[in-house]
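These are the residues of each chain, in order.
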Amino acid sequence: MPQVRLRLAGALAAALVTAGLATGPAAQAAPAHARQPTLASLAERHGRYFGSATDNPELTDSAYTKILGGEFDMITPGNGMKWYATEPQQGVFDWTNGDQIVNLARRNHQKVRAHTLVWHSQLPDWLTSKQWTAADLRAVLKKHITTEVRHYRGKVYSWDVVNEAFNEDGTYRETIWYKTLGPGYIADALRWAHQADPHARLYVNDYNIEATGPKSDAYYALAKSLRAQGVPLDGIGFQTHLALQYGYPTSLKDNLSRFSRLGLDTALTEVDIRMQLPATAEKLAEQASWYQQLTEACLAVRRCVGLTIWDYTDKYSWIPAVFPGEGAALPWDEQLSPKPAYQALREALR
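Residues numbered from 1 in each chain as written. Predicted model: local features only at pLDDT ≥ 70, side-chain atom pairs only at ≥ 80, totals over all residues. Heavy atoms only, no water.

Moving on, we get to the overall build of the protein chain. When helices and strands are counted, the protein chain shows 15 helices and ten strands. Its C-alpha atoms give the protein chain a radius of gyration of 22 Å, near enough to 20 Å, the size a compact globule of 350 residues would have. When each of the 350 residues of the protein chain is scored for burial, the buried share is 54%. By sequence separation, contacts in the protein chain at least 24 residues apart represent 76% of the contacts at least 6 residues apart. When the accessible area of the protein chain is evaluated, it comes to approximately 15,500 Å², of which 51% is carbon and sulfur surface. The distance from the centre of the 36 positive side-chain charges to the centre of the 36 negative ones in the protein chain is 8 Å. (Helix = DSSP H or I, 4+ residues; strand = E, 2+ residues; numbered from the N terminus. Rg over C-alpha atoms; globule rule 2.2 N^0.38 Å. Buried < 20%, exposed > 50% of the residue type's maximum accessible area, 1.4 Å probe, protein only. Contact = heavy atoms within 4.5 Å. Areas by Shrake-Rupley, 256 points an atom, 1.4 Å probe, with all protein chains shown as cover. Lys, Arg positive; Asp, Glu negative; His and termini not counted. Charge placed at Lys NZ, Arg CZ, Asp CG, Glu CD.)

Structural data, given as structure tokens:
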């Protein structure tokens, strides 16, 4: 029965390649579909997505874009959709950077988490250098949100509508928006975004809300209030910028669960886990454990819809420029080689 033996041999070769054990002719002969599944395909088995942020300068790096296009099913533009990039002069819009990433995602059959409409940072000078009346600033904000969301209508999965609205103690951050418009700007922004694209999922997004505490409690109270008012809020984005020296947020799963009980999606939106350099085997092992734990926490909560790492490689990480002496935060190193964290993610998703 040579045909049966041939099929068995082929299946064995495919299994060995999938497990990373085959070498030589067996590895070369195995069909393409038998190769190791991607993070995205593993996450899809759980009804989740697995994404990466990216930014325009690195899109000229073909080795980088090959992994970006193959391993992930969701993309977040790191900077290309922020206000300074999209409306550099009042009323003059530039979609160049955002469109480049949306088009790249379309070619790779990926979805886009659009980021971000209302933030206190990376605003153009024309906006920050002027004293605004509430009426004038409200009109400016509405026009910006409406114009940008309409431009990307039908092209993005979701929006981080309002980013980083609270201080660590749970008080409102004293931004241009809060100081001029009051806390109602959040509900207004969500309503305007929904009117411009009724099908996009709308999030508020922040860091240091992974564990329960004053800041995450403030978001819980806000979300509960907005839902009671019928404001179109669909989800909470937990940025999940973690650092080994500060400890793992052990209440993450419970925190995700309480937002889910409000009828909201949750997502881990900007994940990286930095360490004090140099990286050591022990630190990389601890980092890998954290990546596995946070992935398992998301998988354990039905309405945690997915996870996005804040670019996938240390080569393009924002960490060293902002936190001197820290880095090595991502699952791929600066040579685009997988680290222990990558294997830990795969283990969590299996």
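After that view of the structure, there is still more to cover.
Counted under the stated rule, the structure contains one disulfide. Two residues share a disulfide in this structure: C298 and C304, whose sulfurs sit 2.1 Å from each other. Of note, the bridge from C298 to C304 carries an S-S torsion of about -105° and is left-handed in sense. Given the relative accessible area of 3%, C298 is considered buried. Taking relative accessible area as the criterion, C304 reaches 0% and is therefore assigned buried. (Disulfide = S-S within 2.5 Å.)

Right, let's get into the pattern of salt bridges. Overall, the coordinates contain twelve salt bridges when judged by the stated rule. Among the ionic pairs, D217 bridges to R258, the shortest N-O distance being 2.8 Å. Taken together, the positions of D217 in helix α11 (residues 214–228) and R258 in helix α12 (residues 252–260) put the pair 41 residues apart, joining distant regions of the chain. Judged by its relative accessible area of 37%, D217 falls in the partly exposed class. Accessibility expressed as a relative area gives 14% for R258, which makes it buried. Among the ionic pairs, R303 bridges to D265, the shortest N-O distance being 2.9 Å. With R303 in the loop between α13 (281–300) and β9 (304–309) and D265 in strand β8 (residues 265–276), the pair connects residues that are 38 residues apart, well separated along the chain. Given a relative accessible area of 21%, R303 falls into the partly exposed group. For D265, a relative accessible area of 8% translates into the label buried. A single network of salt bridges, built from pairs that share partners, joins R201, D234, D265 and R303. (Salt bridge = Lys/Arg side-chain N within 4 Å of Asp/Glu carboxyl O.)

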